[in-house]
Amino acid sequence: MREFDKIFIQLKKGSTKLIAGDYELQRPASYFMNYFKKLQGATFSTQQLLGKGTLSTNASLAVSRGQFARNQLSQQEGNQGPYRLEGSQGERFIIILAGTERVWLDGQLLLRGLEGDYVIDYNRGELTFTSRRLITKDSRIIIEFEYADQSYLRSLYAFNVDYQLQGLRLYVNAFSQQDSRTSTGDQQLTDTQKRVLRDAGDDLSRAVVSTIDTIESTTAVRATYALRTALWNCNGQDTSIQYLAYTTNPDSGRYVARFSLVGTGRGDYVLDTEQSANERVYRWVPPDPATCQRRGDYAPLTQLTAPEQQQLFTAGAEWKLPRQTLLRTEIAMSRRDQNRFSSLDSGDDLGLAGFATLSRDFRLGSDSSGWTLNTQAGYEFTQQNFKALNPYRSQEFLRDWNIANVQGVGSAPAAGEHLGRAALALRRAGWGQVGYELSTFLRDTLYNGLRHGAMLQFQRNNWHIEGQSSWLQTSETLRRTSFSRPKIQLSRTFPALANWRLSLQGEREKSERREGDILEASSFYYDRYGVFIQSSDTAAVVLGLNASRRTDYAPVATDFRRSTDATEFNVNGQWSKLKGLQTALLFSYRRLDIADTTLTPQRAGATFLSRFDVGAVAWKGALRSTTTYEITSGQEPQIAFTYVKVAQGSGTHIWLDSLFNNDGKIQLNEMEIAPFQDQADYVRVSLYTNEFIRTNNVNVNQSLLLDPRPVWQAKKGFKSG
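For clarity, every value in this text was computed on a predicted model and none was experimentally measured. (Residues numbered from 1 in each chain as written. Predicted model: local features only at pLDDT ≥ 70, side-chain atom pairs only at ≥ 80, totals over all residues. Heavy atoms only, no water.)

Participant: Mind showing me how you'd approach the overall build of the chain here?
Facilitator: When helices and strands are tallied, the chain shows three helices and 44 strands. The principal-axis extents of the C-alpha atoms in the chain amount to approximately 95 × 75 × 70 Å. In the chain, buried positions account for 40% of the 721 residues. Pairs at least 24 apart in sequence give 63% of the contacts found in the chain among residues at least 6 apart. As displayed, the chain has an accessible area near 39100 Å², and 53% of this comes from carbon and sulfur atoms. In the chain, 84 side chains carry a positive charge and 76 a negative one; their mean positions are 10 Å apart. (Helix = DSSP H or I, 4+ residues; strand = E, 2+ residues; numbered from the N terminus. Buried < 20%, exposed > 50% of the residue type's maximum accessible area, 1.4 Å probe, protein only. Contact = heavy atoms within 4.5 Å. Areas by Shrake-Rupley, 256 points an atom, 1.4 Å probe, with all protein chains shown as cover. Lys, Arg positive; Asp, Glu negative; His and termini not counted. Charge placed at Lys NZ, Arg CZ, Asp CG, Glu CD.)

What follows is the structure, given as structure tokens:
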């Protein structure tokens, strides 16, 4: 509940305001500076006249409660969730700060809530989509959020000055957040660990320490290991390797460890599902004798978190010139110290960036009802070492420039970047607009892209046409790519048929990435078309029907080959003929067919979602009822259990080792609910793992709100009788 509470004191006099306590700090009017913070501290703002203009000042000094992270979720066909979120450094069990998340699906910003697009469990860090959004293998899901990070005490200050005068606006922004090197939070560092961080510099992959520890006597609660030695041969050379082996022998089991998931092929241990203990047991696997590569995904190591400092300073101007001309420019300097314990690798801490744009409207006629030509030109540069606080570009920027794959997953190494853009748009009220855009994106000598874009919007005499198209060509060090994306939607409203609307739509995305003539595996190509029929939104009965089909092609040698077909149907409707009663229905069905099983790991199958809502209002609005019945598919985290010893009589379970193997180690089958309370000396603790099980879910939600004020309360006092 702490994340929902916001306790603060506000003092205000005239245009001066001081807030102390819990508050939120959002990005100023700046291009490069983007953030949203939940803070505990104080913020001061004032506004005053200076000459003929107005000077606004804001200053904040606080303790930051969270750390920013962006996740691109690996979606699954027909799986509505929950999807587990991770921290910026791969933390798997995090607490999301309530209200800080922003979720995009296929480039569209979603709404939170059971009546919206998704729900989120802040404590578990899990995201689940409602039946209003069908998740498929083709979905692109991006979420940005702040999560509680208590490794270090993090302080923050921000300062903004804004001066406006007769069409001219000048501003300066400063932001700095830093982790304390002396006051730590949950992470208590030893002198040895601090020395490891000092020697690691900015390469935090070197900031790992062993979690293997020795114990003086055996313990029933912990999984104990013996330290053993194996002789391993790689490329004809023998190597002696020490490893941990699980044992219940009290004489040799003198070691305990905490294992971390480091990724497939990066560790020497795997989860041993055949051993039963109070903790999860891990088994050593030797490297591959043929390739000498590791074959495990766990290691008895822990990744140390280094204290960071992030700073960003921006200065800019907006100038409204005559004849509807607007000039905007901004420069920025960033400083990021990734490891405040170390003075190594500090040469890349500073970076510069700049941006400028000019727009002007030309009226092509004698009055405002005629055609208007809008022109825009812009340029942006960023140095290789420039680090923004949070991403400030579009969430699909890399995909738009054919750097990410079809799901939007991709990354680009740091480089100096130049982004140029010029656009024309011809508009007229009551008709629509048509436009063209030419843009270029350069990344030092690594990447050179040129993109053409066109758009059309037309509405006239119950017809509506909307089209977009872009064509991109790029050249890189080892490959060349092209990316075409035409999309069109044609709609017609029929007044003679109670304003029913018929829409036809089609789109294609084809990304060719070639080394020579060979298509890379990350190339993609699909066609999608559909039809949509909907009644008038103002009718008592609203009905919508949608059918679409998508065909995907996979790269094979020099060309594409058809791999999957997906057919989707959607029905949605609302009925509100009776006063005080409203019902809504939503049904979605999707069928995935595999055209070539050698080209995709997907399996054929069907997915369906349904939802039925009934809302009732009675007693002049004093009584409100909402009932929701929903059928979805999803997943649930697999739950593991561990037992913790507590004071005699204050637990729930009893350990019956003597009735089983009497080995002095807790196995799950040896724990029983205590028959008498005075014998109970263990409690069972549930642990949520990273493994999930597919489920089919049925949800029923009922809410009842009683608010007698509309009936009882009069303008003054209460009604009698």
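Participant: Where do I start with the nonpolar core in this structure?
Facilitator: The nonpolar side chains of soluble globular proteins are, as a tendency, buried together. Membership of the largest hydrophobic core comes to 20 residues, with the highest contact counts inside it found for Leu85, Ile96, Ile120, Leu127, Phe129, Ile143 and Phe145. Elements that contribute at least two residues to this core include exactly β7 (102-105), β9 (118-121), β10 (126-129) and β11 (141-147). When residues in this core are grouped by element, the largest group, four residues, is from β11. Residue contacts for Ile143: discarding those within four places in its chain leaves Ala69, Arg70, Asn71, Leu73, Leu85, Glu101, Arg102, Val103, Ile120 and Leu127. Counting residues in hydrophobic clusters, the runner-up holds 18 residues, among them Leu39, Phe175, Ala353 and Tyr392. (Core = buried A, V, L, I, M, F, W, Y, C linked by side-chain atoms within 4.5 Å.)

Participant: Whenever I open this one, the side chain of Glu126 confuses me. Can you help?
Facilitator: Within the fold, Glu126 resides in strand β10. A distance of 3.0 Å separates a polar atom in the side chain of Glu126 from a polar atom in the side chain of Arg84. (Polar contact = N/O pair within 3.5 Å; in protein donor to acceptor, adjacent residues only side chain to side chain.)

Participant: Please explain the sheet that holds β7 as it appears in this structure.
Facilitator: In sheet architecture, strand pairing relies on hydrogen bonds along the backbone and comes in two forms, parallel and antiparallel. Across the sheet, which stays open at both edges, the four strands sit in the order β5-β11-β7-β8 with antiparallel pairing between neighbours. Only two strands of the sheet have a single partner each, and these edge strands are β5 (67-72) and β8 (108-109). One ladder, built from six bridges, connects β5 with β11; its direction is antiparallel. Each residue of the ladder has a partner; that of Asn71, found in β11, is Ile143. (Pairing = 2+ DSSP bridges.)

Participant: How do you make sense of the pairing of strand β38 (residues 559-575) when you look at a structure like this?
Facilitator: The two faces of a sheet get side chains in turn, since along a regular strand they alternate between them. In this structure, strand β37 (residues 541-556) lies alongside β38, joined through 16 bridges in antiparallel fashion. Its bridge partner lying in β38, Gly544 is registered against Asn572. Hairpin connection, β37 to β38: the antiparallel pair is bridged by two residues, and Ala557 has positive phi, about 60 degrees. Judged from the twelve bridges that link them, β38 and strand β39 (residues 581-594) form a sheet pairing that is antiparallel. By the bridge assignment for β39, Val571 is matched with Phe587. From the end of β38 to the start of β39, which pair antiparallel, there are five residues, and Gly580 there has a positive phi angle of about 85 degrees.

Participant: Would you mind showing me how to read helix α1 (residues 191-200) here?
Facilitator: Each α-helix winds once per 3.6 residues, and so residues spaced three or four apart point in a common direction. When α1 is considered as a whole, its buried residues turn out to be Gln193, Leu197 and Ala200. Burial along α1 is one-sided: seen end-on, the buried residues are contained in an arc of 65 degrees. As for α1, its buried residues are in contact with β12 (152-165) and β14 (208-210). In the segment just after α1, Gly201 is the residue with positive phi, at about 60 degrees. (Arc of directions from axis to C-beta.)

Participant: I keep staring at the environment of Ser548 and nothing clicks. Help me out?
Facilitator: Here Ser548 shows up in strand β37. Taking the C-alpha atoms as reference points, Ser548 and Leu127, separated by 421 residues in sequence, lie 27 Å from one another. Residues contacting Ser548, with those up to four places away along its chain left out, are Arg528, Tyr529, Gly530, Ala566, Thr567 and Glu568.

Participant: I would appreciate a short explanation of the pattern of salt bridges in the present structure.
Facilitator: Side-chain pairing between opposite charges can occur once the charged atoms of the two side chains come close. Counted according to the given criterion, the structure contains 44 salt bridges. For Asp117, the salt bridge identified is with Arg133, shortest N-O distance 3.1 Å. Placement of Asp117 in the loop between β8 and β9 and of Arg133 in the loop between β10 and β11 is noted, with a sequence separation of 16 residues between them. With a closest N to O distance of 3.0 Å, Glu417 and Arg443 form a salt bridge. One end of the pair, Glu417, is in strand β28 (residues 417-428); the other, Arg443, is in strand β29 (residues 432-443), with 26 residues separating them in the sequence. (Salt bridge = Lys/Arg side-chain N within 4 Å of Asp/Glu carboxyl O.)

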